[in-house]
Amino acid sequence: MYGGMRGMKGLVTETSVLDPNEGIRFRGYSIPECQEKLPKAAGGAEPLPEALFWLLCTGDIPTEAQTKAISKEWADRADVPTHVVTMLNNFPATVHPMAQLSAACNALSTESLFSKAYADGVKKSEYWQYAYEDSMNLIAKLPTVASIIYRNLYRDGKVAPIDPDLDWSANFVKMLGYDNKDFTELMRLYLTIHTDHEGGNVSAHTCHLVGSALSDPYLSFAASMNGLAGPLHGLANQEVLIWLNKVHSEHSSFTDDELKEFVWETLKTGVIPGYGHAVLRKTDPRYMVQREFALKHLPDDPMFHLVSQLYNIVPDVLREHGKAANPWPNVDAHSGVLLQYYGMTEMNYYTVLFGVSRALGVLSSLIWDRALGLPLERPKSMSTEGLKKLVGASK
């Protein structure tokens, strides 16, 4: 309890399981298996997030036609109510992108079919149907909401309309204002691999907890995003990029020995951002697929070279240092460099991308929470004095 309950088995999550030595499995499929088996966009090489959502909800790999049907559904449901758009347009630029995302999701609860059905006395056995409809509507609207936030804060405030013939990621990239097929491919990969990471992380657990009170999916997801906004959860790739930029600014290039010395200096006052994980005890498979993407699309980028060089140096230093249970890189060690390469340099926005992706995992889990009829979550708390008595500690 005093260690944050790490490793204590206390939740049921059907959509994914995180194995310390193997990494994440989505409904039993590893990330490389998902890359191989999930449908892709025409001419694309990366899996479509729509396909992963189908897998998370059903346990089955969808067909191409089923995946396209989800893309079409989300395009059809993407309109954001006027009152939410007006609210976003009137936020001052000082409101953090994650605060804007959370506020928008709360405001979208006016559209909740779950809340309306509950007020009308719907049977408990039918809760999941309305949780599903709300989740589909929310996921469909998130790229539009996220694009309004981005364009208002960093561009001209204009957002391109939804194209019903594009997939979810391609529409998102277009609304953000980018026109690069490789960046679209990166976004498909990014939005797939960040969806779910078992139920015990802050954002997943928060959505489950708030949803257990029968708060509608909009309110539950907004709470989840407030957790993701915390620096110990969703800020990691930003902190990695800040550190990498610092390394790069001090030397245009490092020898291995110089870089090793810099790593040791960092360890004297803190940690190496992007290395270590609460559960994993190997290189994060999500890091590896991003590395493969970089090798294919940006092999000569200096920042990618630095990330690669660190991958060959940091684990040995951390093992020698002796305090890290896992000396290997996690997903955040790579993602910021890729986003920066394609021109998205606004680091405060990165967690919003994470949040849009995480919706697929936490909302598919929430649908199943209601389908399984899981109860209100209410663990027992104890005082320190009570715990002393429990274990028979002497005064």
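Residues numbered from 1 in each chain as written. Predicted model: local features only at pLDDT ≥ 70, side-chain atom pairs only at ≥ 80, totals over all residues. Heavy atoms only, no water.

So, about unusual backbone geometry. Of note, Arg27 is a non-glycine position whose phi angle comes to about 50°, a positive value. Within the secondary structure layout, Arg27 lies in the loop between strand S2 (23-26) and strand S3 (29-30). At Glu198, a position not held by glycine, the phi torsion is positive, near 70°. Given the relative accessible area of 25%, Glu198 is considered partly exposed. (Helix = DSSP H or I, 4+ residues; strand = E, 2+ residues; numbered from the N terminus. Buried < 20%, exposed > 50% of the residue type's maximum accessible area, 1.4 Å probe, protein only.)

Turning to the packing of aromatic side chains, a few remarks are in order. Here the distance between the centres and the angle between the planes together describe a pair of aromatic rings. Summed over all chains, the structure comprises 13 aromatic pairs. Consider the rings of Phe183 and Tyr342, whose centres lie 5.6 Å apart with planes at 40°: the pair is tilted. Here Phe183 is found in helix H9 (residues 181-193), whereas its partner Tyr342 is found in the loop between helix H16 (332-341) and helix H17 (350-371), with 159 residues between them in sequence. As far as the burial class goes, Phe183 and Tyr342 line up, both buried. With 4.9 Å between their ring centres and 90° between their planes, Tyr341 and Tyr342 make a pair best called edge-to-face. In this structure Tyr341 comes out as partly exposed when scored by relative accessible area, which is 38%. Linked through ring pairs, Tyr150, Tyr154, Tyr178, Phe183, Tyr341, Tyr342 and Tyr349 together constitute an aromatic cluster. (Phe/Tyr/Trp six-rings, centres within 6.5 Å; stacked < 30°, edge-to-face > 60°.)

The next thing to look at is helix H5 (residues 97-107). An α-helical turn contains 3.6 residues, so any two residues separated by three or four positions project in the same direction. Most of H5 sits out of view: eight of its 11 residues are buried. Buried residues in H5 make contact with helix H4 (82-90), helix H7 (127-154), helix H11 (217-228) and H17. (Contact = heavy atoms within 4.5 Å.)

This part is about the domain arrangement of the protein. Interfaces are often sized by the amount of accessible area the parts lose when they come together. On domain assignment, one finds that the protein holds domain 1 (18-234 + 350-372) and domain 2 (236-342). Counting residues at the interface gives 27 residues for domain 1, matched by 24 residues for domain 2. Interface area for domain 1 against domain 2, summed over the two sides, is near 2200 Å², with a carbon-plus-sulfur share of 67%. It is Pro20, Leu186 and Tyr350 that lose the most area in domain 1 upon contact with domain 2, and together they represent 26% of the buried surface on that side. The tally of links between domain 1 and domain 2 comes to zero salt bridges. Taken together, the elements giving at least two residues each to the side of domain 1 that touches domain 2 come down to strand S1 (16-19), helix H1 (31-37), H9 and H17. With eight residues, H9 is the single largest residue contributor to the side of domain 1 that touches domain 2. Taken together, the residues of the side of domain 1 that touches domain 2 sort by class into 14 nonpolar, eight polar and five charged. (Domains from an automatic or database assignment. Buried area = accessible area lost by both parts, 1.4 Å probe. Salt bridge = Lys/Arg side-chain N within 4 Å of Asp/Glu carboxyl O. Nonpolar A, V, L, I, M, F, W, Y, C, P; charged D, E, K, R; others polar.)

On to the UniProt feature "active site" (unreviewed entry) in the protein, then. The positions UniProt marks with the feature "active site" (unreviewed entry) are His233, His277 and Asp332. In summary, the annotated positions, though distributed over 100 residues, converge in three dimensions, the widest C-alpha pair being only 11.2 Å. Residue position: His233 is located in the loop between H11 and helix H12 (236-250). Locating Asp332 in the fold gives a position in helix H16. (UniProt positions renumbered as here; feature names shortened; annotations may be inferred.)

Quick look at the environment of Gln340 now. Looking at the element boundaries, Gln340 is found in helix H16. A relative accessible area of 23% means that Gln340 is categorised as partly exposed. A sequence separation of 99 residues divides Gln340 from Leu241, and the C-alpha atoms of the two residues are 8.9 Å apart. When sequence neighbours within four positions are dropped, the list of residues in contact with Gln340 reads Leu241, Asn245, Met303, Thr345 and Tyr350.

Right, let's talk about the pairing of S1 for a bit. Judged by which residues are buried, S1 turns out to be one-sided: Ser16 and Leu18 face inward and are buried, whereas Val17 and Asp19, on the alternate face, are not. What sits between S1 and S2 in their antiparallel hairpin is a turn of three residues. (Pairing = 2+ DSSP bridges.)

Turning next to the sheet that holds S1. If you trace the three strands from one edge of the open sheet to the other, you get S1-S2-S3, paired in antiparallel fashion. Whereas interior strands pair on both sides, the edge strands pair on one side only; in this sheet they are S1 and S3. Two elements, S2 and S3, share two bridges in a ladder whose sense is antiparallel. Opposite Phe26, over in S3, you have Tyr29 as the bridge partner.

Taken together, the side chains of Met1, Tyr2, Met5 and Met8 define a hydrophobic patch exposed on the protein surface, amounting to about 520 Å² of accessible area. Tracing the backbone shows Met5 in the segment before S1. (Patch = residues over 30% accessible without salt bridge, like charges linked within 9 Å, V, L, I, M, F, W, Y side chains within 5 Å. Areas by Shrake-Rupley, 256 points an atom, 1.4 Å probe, with all protein chains shown as cover.)

Per the stated rule, a full pass over the model turns up 13 salt bridges. The salt bridge partner of Arg151 is Asp156, with a shortest N-O separation of 2.8 Å. Taking relative accessible area as the criterion, Arg151 reaches 11% and is therefore assigned buried. A salt bridge links Glu346 to Arg155; the shortest N-O distance between them is 2.9 Å. Of this pair, Glu346 sits in the loop between H16 and H17 while Arg155 sits in the loop between H7 and helix H8 (168-176), and the two are 191 residues apart along the sequence. One connected set of salt bridges, linked through shared partners, spans Glu22, Arg25 and Glu33.

This brings us to the pairing of S2. One ladder, built from four bridges, connects S1 with S2; its direction is antiparallel. Bridging from a neighbouring strand, Asp19 pairs with Gly23 of S2. A loop of two residues connects S2 with S3, the two strands running antiparallel in sequence, and Arg27 in this loop sits at a positive phi of about 50°.

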